[in-house]
Amino acid sequence: MSTPRTVLITGCSTGLGRQAALALHRLGHRVHATARRPGTLAGLSDLGIATLPLDVTDEASMAAAVAAVEEAHGQVDVLVNNAAYGLHRPVELASPEEVRAQFDTNVFGLVRMAQLVLPGMRRAGHGRIVNISSMGGRFSPPGGAFYHATKHAVEAISDSLRLEVAPFGVEVVVVQPGPTMTEFGGTAVGTMPGGAHHGGPYGSFTTELAELYATRAFTRRNGAVTAETATRVVVRAATVRRPRARYAIGAMARGTMIAKRLLPDAAFDAIMRSAFPLPKAA
């Protein structure tokens, strides 16, 4: 895309969303960076990037943000659905409220944002929706059932949406990051059981899983890529003239997804057991 485009990005307070907003702004696009807590966007606003409050779990907030961009520029040319977080708990310990909150942010918010921008894109005869998924959209390790389930859902929704909106000139692209050196690991650790849940049958498992995520999983030695590397792929997905349906980020993402596709379940389970801690039966 050589012509400047109007870009709306969710989840720009930290991580990939923030880095993508900066990179696309430097390329001359009209970037609207959003976050649930608008105070976290002050640094972007100081650089001349338009900022808006946007909570992907609140209908009025989403509708107001899209309406503001469309009033200023006619339509959203590129939506980057980035807002998400990772709930990491054993299935038995996750409350219904925690599971609903995970899907509200990672799936239902993503869907609603697409629904809100699509009428304008159809009227314009062009548009692009970039859904930030994960290599975790293709497999699920112990402790990650609900986060990975949301990314499985993003993959499926994106496949259907890509076919449904192509006749209107709208493209749908999925980005599948592997481990990336952002704040994601720390956020994931913060969702792990503590307090009353810390002991019991999953006590040692959650302790070891938290240690893995906090100290090893998101390091270069473990195959994690830098935020800059991941950002370049997101920018490519948002701007390249003829995008692929999917962009995997990092050798670990590509290798793990290939292994999941080719190996029998028993063999892939063995890989998961070697890479992740497991509960210990009494």
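Rules of the game
Residues numbered from 1 in each chain as written. Predicted model: local features only at pLDDT ≥ 70, side-chain atom pairs only at ≥ 80, totals over all residues. Heavy atoms only, no water. Core = buried A, V, L, I, M, F, W, Y, C linked by side-chain atoms within 4.5 Å. Buried < 20%, exposed > 50% of the residue type's maximum accessible area, 1.4 Å probe, protein only. Helix = DSSP H or I, 4+ residues; strand = E, 2+ residues; numbered from the N terminus. Contact = heavy atoms within 4.5 Å. Salt bridge = Lys/Arg side-chain N within 4 Å of Asp/Glu carboxyl O. Phe/Tyr/Trp six-rings, centres within 6.5 Å; stacked < 30°, edge-to-face > 60°. Pairing = 2+ DSSP bridges. Axes fitted to C-alpha atoms, helices over the stretch in contact; angles between N-to-C directions. Parallel < 35°, antiparallel > 145°, perpendicular 65-115°, else oblique. Left-handed = near helix turned anticlockwise from the far one by under 90°. Nonpolar A, V, L, I, M, F, W, Y, C, P; charged D, E, K, R; others polar.

### Considerations on the nonpolar core
By size, the foremost hydrophobic cluster in this structure holds 30 residues, and its most contacted members are Ile9, Leu44, Val80, Val130 and Val175. Those elements that place two or more of their residues in this core are strand S1 (6–9), helix H1 (15–26), strand S2 (30–35), strand S4 (78–81), strand S5 (127–132), strand S6 (170–177), helix H8 (227–239) and strand S7 (246–249). For Val80, the residues in contact, after removing those within four places along its chain, are Val7, Leu8, Ile9, Thr10, Val130, Ile132 and Val234. In terms of nonpolar packing, the next biggest core, distinct from the first, is built from 22 residues, Leu52, Met62, Ala83 and Leu118 among them.

### So, the pattern of salt bridges
If you walk through the whole model with that rule in mind, you get 10 salt bridges. Between Arg112 and Glu59 there is a salt bridge; the shortest N-O distance is 2.8 Å. Here the residue Arg112 occupies a position in helix H4 (residues 96–124), and Glu59 occupies one in helix H3 (residues 59–73), the gap between them amounting to 53 residues. Residue Arg112 is classed as partly exposed on the basis of its relative accessible area of 26%. Since its relative accessible area comes to 39%, Glu59 is described here as partly exposed. If you follow the salt bridges from partner to partner, you end up with Arg138, Glu155, Asp159, Arg162 and Arg246 in one network.

### Focus: the environment of His152
Within the secondary structure, His152 is located in helix H5 (residues 145–165). C-alpha of His152 to C-alpha of Gly136: the two residues are 16 residues apart in sequence and 7.4 Å apart in space. Discounting chain neighbours no more than four positions away, the residues touching His152 are Gly136, Gly137, Arg138 and Phe139.

### A look at the packing of aromatic side chains
For the structure on display, the rule yields 2 aromatic pairs. When the centroid spacing of 6.3 Å and the interplanar angle of 40° are considered together, the rings of Phe103 and Phe108 count as tilted. Ring centres of Phe139 and Phe268 lie 5.9 Å apart, and the angle between their planes is 65°; this geometry places the pair in the edge-to-face category. Here Phe268 lies in helix H10 (residues 265–275) and Phe139 lies in the loop between S5 and H5, a separation of 129 residues in the sequence. The burial state of Phe139 is the same as that of Phe268; both residues are buried.

### A word on the side chain of Thr256
Within the secondary structure, Thr256 sits in helix H9 (residues 251–262). For Thr256, a relative accessible area of 16% puts it in the buried group. Leaving out residues up to four positions away in the same chain, Thr256 has contacts with Met135, Phe139 and Phe268.

### Comments concerning the sheet that holds S6
Taken in spatial order, the 7 strands of this open sheet run S3-S2-S1-S4-S5-S6-S7, and their pairing is parallel. Only two strands of the sheet have a single partner each, and these edge strands are strand S3 (50–53) and S7. Here the average twist between neighbouring strands, direction ignored, is 20°. Strand direction decides the pairing type here: S4 and S5, joined by 4 bridges, are parallel. Looking at the pairing, Leu79 lines up with Ile129 of S5. Packed onto the sheet, H1 meets S1, S2 and S6 and runs at close to 165° relative to S1.

### Points about the side chain of His148
Mapped onto the elements of the fold, His148 is located in helix H5. Owing to a relative accessible area of 6%, His148 belongs among the buried residues under this scheme. When sequence neighbours within four positions are dropped, the list of residues in contact with His148 reads Gly136, Phe139, Ser140 and Pro141.

### Comments concerning the packing of H4 against H5
Two elements in contact, H4 and H5, have axes whose closest approach is 9 Å; the angle formed by their N-to-C orientations is 15°. Taken as axis vectors, H4 and H5 run roughly parallel relative to one another. In terms of crossing hand, the pair formed by H4 and H5 is right-handed. Touching Val99, Gln102, Phe103, Asn106, Val107, Leu110, Val111, Ala114 and Leu118 of H4 are Phe146, Tyr147, Ala149, Thr150, Ala153, Val154, Ile157, Leu161 and Val165, all from H5. Within the contact of H4 with H5, the residues separate by chemical class into 15 nonpolar, 3 polar and no charged.

Remember that the coordinates give geometry; whether it matters functionally is a separate question.
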